[in-house]
Amino acid sequence: MLKINQVVSGYGDIKVLKGISLHVNEGEIVGILGANGVGKTTLLKTISNLIKTREGTITYLGQEIQNSSPHKLISMGIAHVPQGRHIFSKMSVIENLQISMDHANKKSNGKDRLSYVFDLFPRLKERLKQLGGTLSGGEQQMLAIARALVAGPKLILLDEPSMGLAPLVVQSMFETIQQIAKDGTTILLVEQNAVAALEIVQRLYVMDMGRTVYESQQITNQELDKIKEVYLGMS
Ligand code: ATP
């Protein structure tokens, strides 16, 4: 579904991604793990063309997209849930969702998409008029994911959904992410919380210094122990 081939990108003179390659198959939850500052956020921003691809190609459903605008990518079915959520804090829950629906993948029905996100996140339905900025951290993350979903995506790029959330909230958030994948949306998940991410991903890459340094095939318990010890400094 998504193929990243030898991609280089960065900021000014600094190259952050240094020829990274990876792929995501339809229906998968693929994890990107790695320490602070290795380029995970930069990778997602490069896929959604918030940062320019300098070298290499990004192919989505057979089409090269590295030069497609972020708006075009949303209409093609790629949604990005950024780190830190970036919801509109002075707008209500429903206004946040409506803005995203205006840019949606028009092939699916808006009403159906709204009722789908309210089934997933009943808390949001109870707080339609509440301003985004007054929601709890967990609710803001729900709104950020809901906002991506109402655009009718085929692929969601999720940047550290667990950041700043209490362990119980993280657990329920990850169960919901699993449900979203079961319902047919493919997920590329960037996480520092390796323990939680390892529970739900089908495949994973470990990143270091702008490249992937490890790619899992099938995640067995033995492989998990090795990944934790060798690549994530856990034992
Ligand atoms: P974290 O888990 O801490 O978010 P990350 O793996 O997502 O880390 P990135 O945010 O992609 O890492 O950052 C990779 C490198 O790019 C870092 O060295 C960072 O300082 C640098 N960087 C990020 N944003 C910018 C920017 N706007 N201008 C210059 N350098 C940046």
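Residue positions are given per chain, counting from 1 as you read along its sequence in written order. The predicted nature of this model means local features are confined to residues of pLDDT at least 70 and side-chain atom pairs, given and counted, to a pLDDT of 80 or more, with totals for whole chains, interfaces and linings taken over all residues. The side-chain values count all of the structure's non-hydrogen atoms but skip hydrogen atoms and water molecules.

**Student:** Help me out: how do you make sense of the site of the ligand in this one?
**Tutor:** With respect to spatial proximity, 13 residues lie near the ligand, and among them Asn-36, Gly-37, Thr-41, Thr-42 and Gln-192 are the closest. For the ligand, whose accessible area on its own is 630 Å², the fraction buried by protein is 60%. Per-element accounting of the shell around the ligand gives the leading share, 3 residues, to helix α1 (residues 40-47). Nearness here has a simple test: a residue counts as near a molecule or strand if at least one of its heavy atoms is within 4 Å of that partner. With residues, only the protein chains shown are counted as cover, and all accessible areas are computed by Shrake-Rupley using a 1.4 Å probe. Strands are runs of DSSP state E lasting at least 2 residues, helices are runs of H or I lasting at least 4, and numbering of each runs from the N terminus.

**Student:** How should the pattern of salt bridges be read in this particular structure?
**Tutor:** Side chains bearing opposite charge may pair, as long as their charged atoms lie close to each other. Whenever Lys or Arg places a side-chain nitrogen within 4 Å of a carboxyl oxygen from Asp or Glu, that contact is recorded as a salt bridge. One pass over the structure, following the stated rule, counts 5 salt bridges. We note a salt bridge from Arg-203 to Glu-28, for which the minimum N-O separation is 2.8 Å. Residue Arg-203 is found in strand β9 (residues 203-208), and its partner Glu-28 is found in the loop between β2 (14-24) and β3 (29-33); the two are separated by 175 residues along the sequence. For Arg-127, the salt bridge goes to Glu-139, with nearest N and O atoms at 3.3 Å. Linking Arg-127 in the loop between α5 (122-125) and α6 (137-149) with Glu-139 in helix α6, this pair joins segments that are 12 residues apart in sequence. Note on Arg-127: relative accessible area 21%, which makes it partly exposed. Shared partners join several salt bridges into a network, and the residues in it are Arg-123, Glu-126, Arg-127 and Glu-139. Throughout this description, buried means an accessible area under 20% of the type-specific maximum (1.4 Å probe, protein chains only), exposed means over 50%, and partly exposed covers the range between.

**Student:** Just to check I follow, could you spell out the sheet that holds strand β5 (residues 63-64) for this structure?
**Tutor:** Where strands meet in a sheet, backbone hydrogen bonds hold them as pairs that are either parallel or antiparallel. The strand order across the open sheet formed by 4 strands is β2-β1-β4-β5, and the pairing between neighbours is antiparallel. The open sheet has two edge strands with one neighbour each: β2 and β5. At least two DSSP bridges between two strands are required for those strands to pair. Bridge count between strand β4 (residues 55-60) and β5: 2 bridges; the pairing is antiparallel. Note on β5: the bridge partner recorded for Tyr-60 is Gln-63. Any two residues whose heavy atoms approach within 4.5 Å at even a single point are treated as in contact. Each axis is a line fitted through C-alpha atoms, and for a helix only the stretch in contact is used; angles between axes span 0 to 180 degrees, taken between their N-to-C directions. The sheet contacts of α1 involve β1 (2-11), β2 and β4, and relative to β1 the element is tilted by about 110°.

**Student:** What should I look at first to understand the layout of surface pockets in this one?
**Tutor:** A water-sized probe rolled over the atoms picks out the places where empty space is left. Here a cavity is any set of points on a 1 Å grid over the protein atoms alone where a 1.4 Å probe fits but cannot get out, and a pocket is any open set with protein on both sides within 12 Å along at least 5 of 7 lines; a residue lines the site when it has an atom within 4 Å of a point. Grid points are joined across faces, edges and corners, and a volume is the space filled by probe spheres set on the points. Quantified by volume, the largest pocket comes out at close to 550 Å³. As for the largest pocket, its lining consists of 20 residues, of which Ile-74, His-80, Pro-82, Ser-100 and Arg-147 are closest to the centre. Elements represented by at least two residues in the lining of the largest pocket include exactly α2 (70-76), β6 (78-81), α3 (93-102) and α6. A breakdown of the residues in the lining of the largest pocket according to their chemical character gives 13 nonpolar, 6 polar and 1 charged. Throughout, the ten residues Ala, Val, Leu, Ile, Met, Phe, Trp, Tyr, Cys and Pro are labelled nonpolar, Asp, Glu, Lys and Arg are labelled charged, and all others, Gly among them, are labelled polar.

**Student:** Just to check I follow, could you spell out the pairing of β3 for this structure?
**Tutor:** Consecutive residues of a regular strand have side chains that alternate between opposite faces of the sheet. The buried count for β3 comes to 5 of 5 residues, which makes it a mostly enclosed element. Alternating residues of β3 divide into Ile-29, Gly-31 and Leu-33 and Val-30 and Ile-32, and every residue in both groups is buried. The sheet contact formed by β3 and β9 spans 4 bridges and is parallel. Each bridged residue has a counterpart across the sheet, and for Val-30 the counterpart in β9 is Arg-203.

**Student:** Help me understand the packing of α3 against α6 in this model?
**Tutor:** A packed helix pair is summarised by two numbers, namely the angle formed by the two axes and the spacing between the axes. It is at 8 Å that the axes of α3 and α6 come closest, and there the two elements cross at 30°. Here α3 lies roughly parallel to α6, going by the angle between them. When the axes of α3 and α6 are compared, the crossing they make is right-handed. Counted together, Val-93, Asn-96, Leu-97 and Ser-100 of α3 and Leu-143, Ala-146 and Arg-147 of α6 form the full contact between these two elements. Angular relationships are summarised with four words: roughly parallel below 35 degrees, roughly antiparallel beyond 145, roughly perpendicular across 65 to 115, and oblique for the angles in between. The handedness criterion is simple: a crossing whose near helix is rotated anticlockwise from the far helix by less than a right angle is left-handed, and one whose near helix is rotated clockwise is right-handed.

Shape is all these values report; function is a separate question.
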